[in-house]
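Inside the fold
Here is what each chain is made of, one letter per residue.
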Amino acid sequence: MILDNKLVQKIRSTAGYSLPFLLTIAFLYFTVYDVDFRESLDTITNISIFWLVVFIVSSMLAHYIRALRWKVILHSVHPKTSWFNLFGAVMVGYGVNCVVPRLGEFYRAFFAGRWEKISRSSMLGTIIIERVIDILILGLSVLVSIGVYAGDLLDEFLWLKSTLVIGFIAMGVIIVLLYLLIRLKESFVKTAVRIVSKLSSRLAGKVEYVLHMLIEGFASLKGPKNYLLTIFYSVLIMLNYGLNSYIAFYVLGMDSVHEINYGMAWVVMTISAFGIVIPTPGGTGSYHFIVKSVLVSLYGFTESMGLAYGLVTHTVTYIMFIASTYILISAVNMRRHRQGFPKENFFSVIKSGKGIK
């Protein structure tokens, strides 16, 4: 029986690591199938360097705003948090996600926790809160896209309606549970753990840990001003993402092929965001497939140009995340070393459950 359990765990672990890469291969296959690569390469080799630089600056601005939002969420428990440390941690998270999906969220919490001397459970709690906000804002942004698009967006992408319905139902359930968690705290945790323990004691332990993380995370977000600032920054992040998609049209000279506007970029951004949500390394394959489908199906661009758009925007972002991960870790470590703190790396940050001691 022990051997069987170990075998089952091994199979689950292998499947968990293999699935993202299998999905990547499948999405890439359907993305490049029957596409004229020569046309795509011609488009890519003629990109505007000026607009490429603008695209990179605009992309970095979005992540800077994300760091500012995180600082607001942490303000009540740690008012003097360094935005530079948080920005570095944000970029570390994205860089790790480019290799192993979702692992970056943990490393982001580990680095920020060690750099700012905050418990990792508190940091993870705030990141979960961020993700809940991001998903809710994304859902609302898609609704805006439905209104902005001249045709029937739900008819163009049949999976979108069911995804939105399921997503909003799930978000509604999550919001109710979070409300009960905030109001009832420990009594809610005990009730939830008692119910889950009937199914699995191991799962109950994990549920208890996550709920306590959320309590710590929400404890940091207090006051009407912080709530309003969090909403403001969340909207600003999405507007900036839309701007990135808009600038990308000029990077590839797509404005000479088709009339473009910010509304078009907003639709491309919101729908292609589902490609990032799918658990592939850095959205590889899934993002390319969806963004190409949007550009071809909704706006009549050629498949080769749609592929070029996906390749350029994704590759530039990918390189930016990987490079900035190492640059910012080094920069933060150098700064902290001058202050007498030890340097941190991908191994040292997971050795302690608390911040630097």
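To be clear, the structure that these remarks concern was listed above.
Notes on the structure follow. Please read all numbers here as calculations on a predicted model, not as lab measurements.

**Some points on the overall build of the chain**
The secondary structure content of the chain amounts to 14 helices and zero strands. Against the globule reference of 21 Å for 357 residues, the chain gives a C-alpha radius of gyration of 22 Å, in line with a compact fold. With respect to the principal axes defined by its C-alpha atoms, the chain has extents near 60 × 50 × 50 Å. The buried share of the chain, reckoned over its 357 residues, is 48%. Of the accessible surface of the chain, which amounts to about 18,300 Å², a share of 70% is contributed by carbon and sulfur atoms. Between the averaged position of the 32 positive side-chain charges in the chain and that of its 19 negative side-chain charges there is a distance of 20 Å.

**Observations regarding the packing of aromatic side chains**
A full pass over the atoms with the stated rule returns 21 aromatic pairs. With a centroid separation of 5.9 Å and an interplanar angle of 70 degrees, the aromatic rings of tyrosine 107 and phenylalanine 110 are classed as edge-to-face. In this pair, tyrosine 107 and phenylalanine 110 both sit in helix H5 (residues 103-116), three residues apart, roughly one turn of the helix. Of the two residues, tyrosine 107 and phenylalanine 110, both sit in the buried class.

**Here's the deal with unusual backbone geometry**
You will see that lysine 117, though not glycine, has its phi angle at about 60 degrees, which is positive. Position of lysine 117 relative to the elements: it lies in the loop between H5 and helix H6 (120-148). Notably, lysine 185 is not glycine yet its phi reads approximately 50 degrees, a positive angle. Tracing the backbone through its elements, the reader meets lysine 185 in the loop between helix H8 (158-184) and helix H9 (186-197). Residue class for lysine 185 comes out partly exposed when judged on its relative accessible area of 42%.

**Looking at the packing of H6 against helix H10 (residues 201-220)**
Across the interface, H6 lies against H10 with an axial gap of 7 Å and an inter-helix angle of 80 degrees. On the basis of their axis angle, the class for H6 and H10 is roughly perpendicular. Contact with H6, carried on its side by Arg120, Ser121, Ser122, Leu124, Gly125, Thr126, Ile128 and Ile129, involves Tyr209, Val210, Met213, Leu214, Glu216, Gly217, Phe218 and Ser220 of H10 and no other residues of that element. Residues of the contact of H6 with H10, tallied by class, amount to eight nonpolar, six polar and two charged.

**Observations concerning the side chain of serine 40**
Here serine 40 lies in helix H2 (residues 37-45). A distance of 2.7 Å separates a polar side-chain atom of serine 40 from the backbone oxygen of serine 304. Beyond its immediate sequence surroundings of up to four residues, serine 40 is in contact with Val35, Ser304, Leu307 and Ala308.

**Structural notes on the pattern of salt bridges**
For the structure on display, the rule yields nine salt bridges. Across the pair arginine 69 and glutamate 130 runs a salt bridge, and its minimum N-O distance is 3.4 Å. Here arginine 69, found in helix H3 (residues 49-74), pairs with glutamate 130, found in helix H6; they are 61 residues apart in sequence, far enough to count as distant. Comparing arginine 69 with glutamate 130 shows no difference in burial state: the two are buried. Its salt-bridge partner being aspartate 134, residue arginine 131 comes within 2.6 Å of it at the nearest N-O pair. In this pair, arginine 131 and aspartate 134 both sit in helix H6, three residues apart, roughly one turn of the helix. Residue class for arginine 131 comes out partly exposed when judged on its relative accessible area of 24%. Through salt bridges that share partners, Arg66, Arg69, Glu105, Arg108, Glu130, Arg131 and Asp134 make up one connected network.

**Side note on H10**
For H10, with 20 residues, the first-to-last C-alpha span of 29 Å sits near the 28 Å given by 1.5 Å per residue. Looking at H10, one finds that the buried residues are Ala204, Leu211, Met213, Leu214, Ile215, Gly217, Phe218 and Ser220. Check the buried side of H10 and you find it contacts H3, H6, H8 and H9. Measuring from the backbone nitrogen of arginine 202 back to the side-chain oxygen at the start of H10 gives 3.4 Å, which picks out serine 200 as the cap.

**Some words on the side chain of serine 59**
In this fold, serine 59 is placed in helix H3. Within the local environment of serine 59, its side chain forms a polar contact with the backbone oxygen of phenylalanine 55, the two atoms lying 2.9 Å apart. Excluding anything up to four places from it in sequence, serine 59 contacts Asn244 and Met320.

**Description of the environment of phenylalanine 347**
Inspection of the secondary structure puts phenylalanine 347 in the segment after helix H14 (303-338). Taking relative accessible area as the criterion, phenylalanine 347 reaches 62% and is therefore assigned exposed.

**Points about the nonpolar core**
Counting residues in each nonpolar core, the largest one holds 93 residues, and the members touching the most others are Trp70, Phe249, Tyr299 and Tyr309. Tallying contributions element by element places H14 first for this core, with 10 residues.

**Focus: a nonpolar patch on the surface**
A contiguous nonpolar surface patch, about 700 Å² in accessible area, is contributed by Val165, Ile169, Val173, Val176, Leu177, Tyr179, Leu180 and Leu184. On the secondary structure map, leucine 180 appears in helix H8. What makes leucine 180 partly exposed here is its relative accessible area of 30%.

Rules used in this analysis
- Sequence order as written defines residue numbering, which begins from 1 separately in each chain.
- A pLDDT threshold of at least 70 governs which residues receive local features in this predicted model, and a stricter bar of 80 or more applies before side-chain atom pairs are shown or counted, although totals over entire chains, interfaces and linings include all residues.
- Hydrogens and water molecules were not included; the side-chain quantities draw on all heavy atoms of the structure.
- Numbering of helices and strands starts at the N terminus; helices are DSSP runs of H or I of at least 4 residues and strands are runs of E of at least 2.
- Radius of gyration means the value over C-alpha atoms here, while the globule rule gives 2.2 Å times the residue count to the 0.38 power.
- Working definition: with a 1.4 Å probe on protein chains only, accessible area under 20% of the residue-type maximum means buried, over 50% means exposed, and in between means partly exposed.
- Only the protein chains shown count as cover for residues, with accessible areas throughout obtained via the Shrake-Rupley method and a probe of 1.4 Å.
- In this count, Lys and Arg are taken as positive residues and Asp and Glu as negative ones, while His and the chain termini are left out.
- Charge positions are represented by NZ for Lys, CZ for Arg, CG for Asp and CD for Glu.
- Stacked, tilted and edge-to-face are the three classes assigned to paired rings of Phe, Tyr and Trp, where Trp is represented by its six-membered ring and a pair needs centres within 6.5 Å; plane angles under 30 degrees give stacked, over 60 edge-to-face, the rest tilted.
- For helices, the axis comes from a line fit to the C-alpha atoms of the stretch in contact; other axes are also lines fit to C-alpha atoms, and the angle between any two N-to-C directions lies between 0 and 180 degrees.
- Small angles under 35 degrees read as roughly parallel and large ones over 145 as roughly antiparallel, with 65 to 115 read as roughly perpendicular and the rest as oblique.
- The contact criterion used is simple: two residues touch if any of their non-hydrogen atoms lie within 4.5 Å.
- Gly is placed with the polar residues, together with every amino acid not listed as nonpolar (Ala, Val, Leu, Ile, Met, Phe, Trp, Tyr, Cys and Pro) or charged (Asp, Glu, Lys and Arg).
- Throughout this description, a polar contact denotes any pair of N or O atoms lying within 3.5 Å of each other; where both atoms belong to protein, one of them has to be capable of donating a hydrogen while the other can accept it, and for residues adjacent in sequence the pair is counted only when both atoms sit in side chains.
- Should a side-chain nitrogen of Lys or Arg be within 4 Å of a carboxyl oxygen of Asp or Glu, the pair is scored as a salt bridge.
- Each helix should span, by expectation, one fewer than its residue count multiplied by 1.5 Å.
- Residue types Ala, Val, Leu, Ile, Met, Phe, Trp, Tyr and Cys, when buried and joined through side-chain atoms within 4.5 Å, form a set referred to as a nonpolar core.
- Patch membership requires more than 30% relative accessible area and the absence of a salt bridge. Residues of like charge join within 9 Å; the nonpolar side chains Val, Leu, Ile, Met, Phe, Trp and Tyr join within 5 Å.

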